[in-house]
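# Working through the structure, step by step
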Amino acid sequence: MHKTWWKILGSGLVIYTAIAGLLLGVPHLPILNETIRNLYFHVPMWFAMIVLFSISVFYSVKSLSSKSEIDDIKAVESVNAGIIFGILGLITGAIWAKYTWGQFWSFDPKQNFAAISILLYFAYLILRNAIDEEQKRAKISAIYNIFAFPMMVVLLFVLPRLKDSLHPGNGGNPGFNSYDLDSLMRMVFYPACLGWILIGYWVYTIRFRIRSIENKQQHN
């Protein structure tokens, strides 16, 4: 039980936020209207992605000193899990954009930079697959990952703020605050963030166990 409580918590929070997010009231604001409910899904996906990429860069740094295959596997599998949630973030964002901005992809700076940040990590996976020698692959991909993470942060949180944007929180367009994110929404939004982060971590641990088993079979 002590090893699974966080899985139960994550599952419970996601179920709660899915139900409460669809049934509880939300502020009826111009343009957003009922689409604001997507906040409970879109933003938590990005939070989960960032946490997973943070785990990845931690193990990349660690693997450079430890030269441990386990650390290298943890680094790559957390990237694989993070990309899943990054893609889900792009999809939920595109759906939201369709109903608020009129089209799935309007080449808004936030959309463009978010897509580029995901491509950075696709490049990481391609780089790994291009190198056959295990130690060399682990070292080069770890170095790439260490540089990719701050680039991702700049792409998501710095550059969009320097340009005009339809996306809340960028280019002078205020983000979610007391005006639109009321106390009732916070009761759903914060649990949603925690729930999806825990689910993301769960996906990462499953992928890590599968990869570890595959490696043991290859070495036997």
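As the structure is a prediction and not an experimental result, all values here were calculated from the model.

## What about the packing of aromatic side chains?
Summed over the entire model, instances satisfying the criterion amount to seven aromatic pairs. Each ring, one from Phe85 and one from Trp196, has its centre 6.4 Å from the other, and the planes form 65 degrees; the classification is edge-to-face. Of this pair, Phe85 sits in helix α3 (residues 69–100) while Trp196 is found in helix α6 (residues 183–219), placing the two residues 111 residues apart along the sequence. Assigned by exposure class, Phe85 and Trp196 land together as buried. Put simply, the rings of Trp6, Tyr201 and Tyr204 pair up and form one aromatic cluster. Lys74 extends its terminal NZ or CZ atom over the ring of Phe208, reaching a point 5.5 Å from the ring centre.

## Considerations on the pattern of salt bridges
Applying the stated criterion to the full structure yields five salt bridges. Note that Arg128 and Asp72 form a salt bridge whose closest N and O atoms lie 2.9 Å from each other. Separated by 56 residues along the polypeptide, Arg128 in helix α4 (residues 109–130) and Asp72 in helix α3 bring together distant segments of the chain. Here Glu77 makes a salt bridge to Arg211, at a shortest N to O gap of 2.9 Å. With a gap of 134 residues between them, Glu77 in helix α3 and Arg211 in helix α6 connect regions that are remote in the sequence. With relative accessibility at 1%, the residue Glu77 sits in the buried group. Judged by its relative accessible area of 25%, Arg211 is partly exposed. Each of Glu77, Arg207, Arg211 and Glu214 takes part in one network of salt bridges that share partners.

## A closer look at the side chain of Ser117
Among the secondary structure elements, Ser117 is positioned in helix α4. Ignoring sequence-local partners within four residues, the contact set of Ser117 consists of Met152, Leu155 and Leu156.

## Regarding the layout of surface pockets
Space inside the second largest pocket adds up to approximately 550 Å³. Forming the boundary of the second largest pocket are 23 residues, of which Asp72, Arg128, Glu134, Arg137 and Ala138 lie nearest the centre. Among the secondary structure elements, those contributing two or more residues to the lining of the second largest pocket are α2 (39–66), α3, α4, α5 (134–158) and α6.

Definitions and cut-offs
Once a new chain begins, its residue numbering starts again from 1 and follows that chain's sequence as written. For a predicted model such as this one, the threshold for reporting local features is a pLDDT of at least 70, and the threshold for listing and counting side-chain atom pairs is 80 or more; totals across whole chains, interfaces and linings nevertheless cover every residue. Only heavy atoms go into the side-chain values, all of them from the structure, while hydrogens and water stay out. A pair of aromatic rings is counted whenever rings of Phe, Tyr or Trp (Trp by its six-membered ring) have centres within 6.5 Å, and the orientation is called stacked for planes under 30 degrees apart, edge-to-face for over 60 and tilted otherwise. Numbering goes from the N terminus for both helices and strands, where a helix is a DSSP run of H or I of at least four residues and a strand is a run of E of at least two. The buried label goes to any residue with under 20% of its type's maximum accessible area, the exposed label to any with over 50%, and the partly exposed label to all in between, with areas taken from a 1.4 Å probe on protein chains only. Working rule: Lys NZ or Arg CZ, within 6 Å of ring centre, within 35 degrees of ring normal, means a charge sits over the ring. Each salt bridge in this description consists of a side-chain nitrogen of Lys or Arg and a carboxyl oxygen of Asp or Glu lying within 4 Å of one another. Should any heavy atoms of two residues lie within 4.5 Å, those residues are counted as being in contact. Of the two site types, the cavity is a set of points on a 1 Å grid over the protein atoms alone where a 1.4 Å probe fits but cannot get out, and the pocket is an open set with protein on both sides within 12 Å along at least five of seven lines, each lined by residues with an atom within 4 Å of a point. Grid points are joined across faces, edges and corners, and a volume is the space filled by probe spheres set on the points.

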